[in-house]
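Remarks on the overall topology
Single-letter residue listing:
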Amino acid sequence: MLLSRTDSVRALRGALLSSLLLASSAFADEGARASFTTSSEDAHWGYDQTLSPEHWGELPGDAVCAQGVAQSPIALVTAGAAHPRLDVPSFHYATSRVRMLNTGHTVQFTYDSGSTIRVGSNEYKLAQFHFHTPSEHTKDGVEYPLELHLVHTDANGTPALVVGVLIEEGAVNAALFTAFRHLPRHMGEESAPAGALLNASALLPHDKAFFQYAGSLTTPPCTQGLQWYVMKQPLQLSDAQIAAFERLPHLNPNNRPLQPLNGRTVGAHSGR
Ligand SMILES: [Zn+2]
């Protein structure tokens, strides 16, 4: 979001930046650019005090955060889900280098090109993934310690489809072993452990059952028109892996509160 800002917001942001945000880099989240280029344009929002999600809609260009009627995240309820005919996503993920950036809002993993998801006749590119703590979506009233968002873009490079994976404590996730020992701790910091590779397929639960609904970015500018596929089965990470993320300065919490459903249909599918 490289929109011009009003003077009052510039002043506000300047004050907040000087006191709260010491580094120079910040990105939108689902809307992030899939590169290591840095910008200060999105540094004005956050998760606490005057920067909190309740106030995102007051910022120029971000009004849809407050006024949108199809926002994310939402409470997912198995018993309340419909069972429409849904196309089942097929994952075509290749191995990528591990390249992490602490955006000040999350740790974003930029994914090498060449990985896609197909839904019906549409194909989207896996651009990046990142984490929230605690989870943004809830499932049957349960909040999870982490949530993974795999962000896919359309042919224009615009975020179009996000796969959400709830994360519970359990077995160590081998694919994230090296990365989570080298998480970039501070805003603007990058980390790319030498030789480290991962395949995002290992970040999907074995059971591919999913919820599907129409929602938004969960970060400013809260753009709507996103397809959400949230996996029903959680992925396991070890307590040490979960703690490694939870202990990052300034990123706990980094979850947006639940948003009203406003009559939207949530579909559920076995994934097969
Ligand atoms: Zn996210």
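Overview of the structure. Computed from a predicted structure; not experimentally measured.

Glancing now at the pairing of strand E6 (residues 116-119). Pairing between strand E2 (residues 90-92) and E6: 3 bridges, direction antiparallel. Within E6, the residue paired with serine 90 across the bridge is arginine 118. Pairing geometry for E6 and strand E7 (residues 122-132), over 4 bridges, is antiparallel. Across the sheet, isoleucine 117 pairs through a bridge with tyrosine 124, a residue of E7. Hairpin geometry of E6 and E7 is characterised by an intervening segment of 2 residues between the two adjacent antiparallel strands and by a positive phi of about 60 degrees at glycine 120.

Looking now at unusual backbone geometry. Of note, the amide linkage connecting serine 72 to proline 73 takes the cis form, showing an omega dihedral of 5 degrees. For proline 73, the position within the fold is in the loop between helix H2 (64-67) and strand E1 (75-76). Backbone torsion omega between asparagine 252 and proline 253 reads 5 degrees, so that peptide bond is classified as cis. With respect to the secondary-structure elements, proline 253 resides in the loop between helix H4 (239-246) and strand E16 (267-269). Even without being a glycine, aspartate 140 presents a positive backbone phi close to 50 degrees.

One pass over the full model with this rule turns up 3 salt bridges. One salt bridge connects arginine 97 with aspartate 112, and the closest N-O pair in it is separated by 3.0 Å. Of this pair, arginine 97 sits in strand E3 (residues 95-97) while aspartate 112 sits in the loop between strand E5 (107-110) and E6, and the two are 15 residues apart along the sequence. Look at arginine 97 and you get partly exposed, because its relative accessible area is 48%. Arginine 99 is the partner of aspartate 112 in a salt bridge, and the nearest nitrogen-oxygen pair spans 3.2 Å. Highlighted residues: aspartate 112 in the loop between E5 and E6 and arginine 99 in the loop between E3 and strand E4 (100-102), separated in sequence by 13 residues. A relative accessible area of 14% means that aspartate 112 is categorised as buried. The exposure class of arginine 99 is partly exposed, given its relative accessible area of 22%. Within the structure, one salt-bridge network assembled from shared partners comprises Arg97, Arg99 and Asp112.

Mapped onto the elements of the fold, glutamine 67 is located in helix H2. Sequence-wise, glutamine 67 and cysteine 222 are 155 residues apart; in three dimensions their C-alpha atoms are separated by 10.0 Å.

Overall, the coordinates contain 13 aromatic pairs when judged by the stated rule. Plain terms: the ring middles of phenylalanine 109 and phenylalanine 131 are 5.9 Å apart, the flat faces sit at 70 degrees to each other, and that makes the pair edge-to-face. Taken together, the residues phenylalanine 109 in strand E5 and phenylalanine 131 in strand E7 connect sequence positions 22 residues apart. The same class applies to phenylalanine 109 and to phenylalanine 131, which are both buried. Ring centres 6.1 Å apart and planes at 85 degrees place the aromatic pair phenylalanine 129 and phenylalanine 131 in the edge-to-face group. The exposure class of phenylalanine 131 is buried, given its relative accessible area of 0%. These aromatic residues form a ring-pair network of at least three members: Phe109, Tyr111, Phe129, Phe131, Phe180 and Phe245.

The rules behind the values
Every chain's residues receive numbers from 1 upward, in the order its sequence appears when written. Residues qualify for local features only when their pLDDT is at least 70, as the model is predicted, and side-chain atom pairs are given and counted only at 80 or more; totals for whole chains, interfaces and linings, by contrast, use all residues. Each side-chain value is derived from all of the structure's non-hydrogen atoms; neither hydrogens nor water enter the calculation. Strands pair, by our definition, only if DSSP identifies at least two bridges between them. Helix and strand labels come from DSSP, where a helix needs a run of H or I of at least four residues and a strand needs a run of E of at least two; each type is numbered from the N terminus. Each salt bridge in this description consists of a side-chain nitrogen of Lys or Arg and a carboxyl oxygen of Asp or Glu lying within 4 Å of one another. Working definition: with a 1.4 Å probe on protein chains only, accessible area under 20% of the residue-type maximum means buried, over 50% means exposed, and in between means partly exposed. To pair, rings of Phe, Tyr and Trp, with the six-membered ring standing in for Trp, must have centres within 6.5 Å; the planes then decide the type, stacked if under 30 degrees apart, edge-to-face if over 60, and tilted in the middle.

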